[in-house]
Amino acid sequence: MSRLPVMSSKRVLTSSSENNQDSQPAQKRIRKDAEPNKHQAATTVVGTRQPPVAATRAPISKPVRGVRAATVAIGPSRGVLKPSAASTAAKGGNMKQTGTKAGGGGTTRRPPWDLKGKVSDMEERIHNYQSKVKCVNQENEVLKGSVAQCHTQVVNMEKELGRQRSQISDYEEKLKALLGVQDELEKLYSEKNILQEELANLESKYKVMETLSNSQETELQTLKMKLSVQESTLARVQVTLRDTEDEVRSLKDTVAQQKDELHAGEMERRRLHNTVQELKGNIRVFCRVRPLLDGGLSQHIQLPVSDNKSITLAKTEESHTGRNADTQKNYNFSFDRVFGPQASQQEIFEEISLLVQSALDGYNVCCFAYGQTGSGKTYTMEGDEFDQSRGVIPRAVQQIFRAAEKLGAQGWEFTFTASFVEIYNETLRDLLYTGKASKRPEHEIRKLTNTEVTITNLTYEKVSNEDQVLGLIALANQNRSTAQTAQNDRSSRSHSVFQLDIEGVNSGRDTRCKSTLCLVDLAGSERMVKSQSQGERFKEMTAINSSLSNLGIVITALANKESFIPYRNSKLTYLLQGCLGGNSKTLMFVNIAPESDSFGETLNSLRFASKVNDCVIGTASTNRK
């Protein structure tokens, strides 16, 4: 705030000249001091507050003697002004003014008695002070305008500052974003370097591939030339193919026709084959003579050379009176075929192979061996392990599977089920049983139809090849009951029955067939006098002879065409009733021993076989659906 101090002093009488001289330097000093204050006041105002500026005019009083000149000091609220020479002189207080220079001036002071001069000096000074005050007020107004302008500038600057701060915050956010961008840019630079390396590698690979492409292009041109040649060849081949397809179609028609003819031929073959077998007899008897152990010839058995169906037993009888010479009695027998001691296993089987074929054609076939102990029944049916000495059972199995394989080409599919049972002392035993003897189950014969029977709890094994069947036969031989007798070291003490159930299906012709191949090895018939059986062997002999006697009774009843056939008299006849009098083809082997001491047993066996040979059973029919 500007002040205008007015200082008073004692009245001093000075002359007007002194006043004039004294006031001039003061005015110059005030002007000099005022001009810098203008600029200082304009440049030193800072802030938003406007300092109050007040101009105080000194009261003008009447001229009074002894009153010294007043010094006016002004200045802005902020800033410092140098004290003027007049104000410095006024601070002298009651200093007496003498004739020395005021403020260092060269004029002399008015004499005390020159009051008029002093008043004029004072008026002049007041006038100067008033003009100065007026100038100061004008300057103050200018300063006020400057302050207002500065205040406006400050407001604008504050707005600009706010705007700049918001810009700074925006710039900071942008800077943060730019920093993230910079990180991403660095990553991109690294990826760029990697990609450049990959590009270099790819360029090298491209050069290699380009070289390969050029070479392949050359090969492609070569292949195109070859392709054009092949296309022309293909066109010719297609023409040939169409001709060939036409031929194939005609051949397929021919093949289908031939298959039909083949099937018809197969059916005709089966019919003719069955007719031949029926002409030979649905029950046939073959006789086989066992060779002597020492290799010699038997005297009481005669085999005609020109006839392979006859056998003669010659017995020399002594005269009871002694007057006549010894007489010879001959017993002649005729069978479907008689095999001498030199007949091989292969020759034996060739005669029955046609019957085995009938089993695949859908007919039940039964083949059993009969004879005394030691006559070669087991050898005929089973034989040895060697190929040349194999018996009827392994050879029949081999023929069955080979014929089934051939029929498979005509659309036939066969399934085979094997079982092996023995009749020991009128008790059924499963020869394929592998469990504990204490847990062996009981078996019974159950009749399914008029011509079919089954055995309860019996093991039925599915087989698909010859080796499986041979394994079952070996297992059955281990389990079969044998014992030593006076006539045979290893005599079979039971009847063994091997059954192979056959089921055939021809899906293309919608034809089915079912049959059973039954191969039986009967126990040997013997007399107590010759076998010298005792105890358990005697019991076995009694059961064997009883079952064989019942077999003879059944065959006699069939031969006499009796209305009742006693099949149930024994387990053997009950089990074989389908083979003896039912829908089957039956072959009986009668084995005889060549020793002279076996003449009686041989005669009985041949007589029994002759009864069987005279028996005529019903005509067999195929089990075809």
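The structure displayed is predicted, hence computed values, not measured ones.

Okay, helix 9 (residues 536-559) next. Side chains three or four residues apart in an α-helix point the same way, a direct result of the helix having 3.6 residues per turn. The end-to-end C-alpha distance of helix 9 is 35 Å, a good match for the 34 Å that 24 residues give at a rise of 1.5 Å each. Lys 561 sits one or two residues past helix 9 and shows a positive phi near 55 degrees.

The next point concerns the nonpolar core. Core analysis: the biggest nonpolar cluster contains 50 residues, and Ile 311, Phe 335 and Met 588 have the highest contact counts within it. Element by element, the count of residues in this core is highest for helix 9, at 7 residues. In this structure, Val 356, Val 469, Leu 500 and Cys 513 belong to the second largest nonpolar core, which totals 43 residues.

The next thing to look at is the environment of Ser 570. Take Ser 570: it is sitting in the loop between helix 9 and helix 10 (571-575). Measuring from C-alpha to C-alpha, the distance between Ser 570 and Leu 548 comes to 8.9 Å, with 22 residues separating the pair along the chain. When neighbours within four sequence positions are excluded, Ser 570 is seen to be in contact with Glu 426, Ser 547 and Asn 550. Looking at Ser 570, its side chain comes within polar contact range of the side chain of Thr 573, at 3.0 Å.

Here we take up unusual backbone geometry. In the Ramachandran plot, Glu 426 falls in the positive-phi region, its phi being about 60 degrees despite a non-glycine side chain. As for its placement among the helices and strands, Glu 426 is situated in the loop between strand 7 (412-424) and strand 8 (427-430). The residue Asn 457 is not glycine, and still its phi comes out positive at about 60 degrees. With respect to the helices, strands and loops of the structure, Asn 457 is situated in the loop between strand 10 (453-455) and strand 11 (461-463).

Among the 11 residues of strand 15 (residues 511-521), 8 are classified as buried, and the element is accordingly described as predominantly covered. Pairing of strand 6 (residues 364-371) with strand 15, which is carried by 5 bridges, proceeds in the parallel orientation. When the sheet's bridge partners are listed, Val 365 is paired in strand 15 with Leu 517. As paired strands, strand 14 (residues 495-506) and strand 15 are joined by 11 bridges and run antiparallel to one another. When the sheet's bridge partners are listed, Phe 498 is paired in strand 15 with Leu 519. Here strand 14 folds back onto strand 15 in antiparallel fashion, the turn holding 4 residues, of which Asp 510 has a positive phi close to 55 degrees.

Parameters at a glance
- Here the residue numbers are simple positions, counted from 1 along each chain's written sequence.
- In keeping with the predicted nature of the model, local features appear solely for residues at pLDDT of at least 70, side-chain atom pairs appear and are counted solely at 80 or more, and the whole-chain, interface and lining totals rest on all residues.
- Just so you know, side-chain values use all the structure's heavy atoms and leave hydrogens and water out.
- In DSSP terms, a helix is any run of H or I states spanning at least four residues, a strand is any run of E spanning at least two, and both are numbered starting from the N terminus.
- What a helix is expected to span follows from its residue count: subtract one and scale by 1.5 Å.
- Nonpolar core, defined: a set of buried Ala, Val, Leu, Ile, Met, Phe, Trp, Tyr and Cys residues in which side-chain atoms within 4.5 Å join the residues together.
- For every residue, the accessible area obtained with a 1.4 Å probe (protein chains only) is divided by the maximum for its type, and the residue is called buried under 20%, exposed over 50%, and partly exposed between those limits.
- We call two residues in contact when some of their heavy atoms are within 4.5 Å.
- Between N or O atoms, a polar contact is any pair within 3.5 Å; within protein, one atom must be a potential hydrogen donor and the other a potential acceptor, and residues adjacent in sequence are included only when both atoms are from side chains.
- In this analysis, strands are considered paired if DSSP registers two or more bridges between them.

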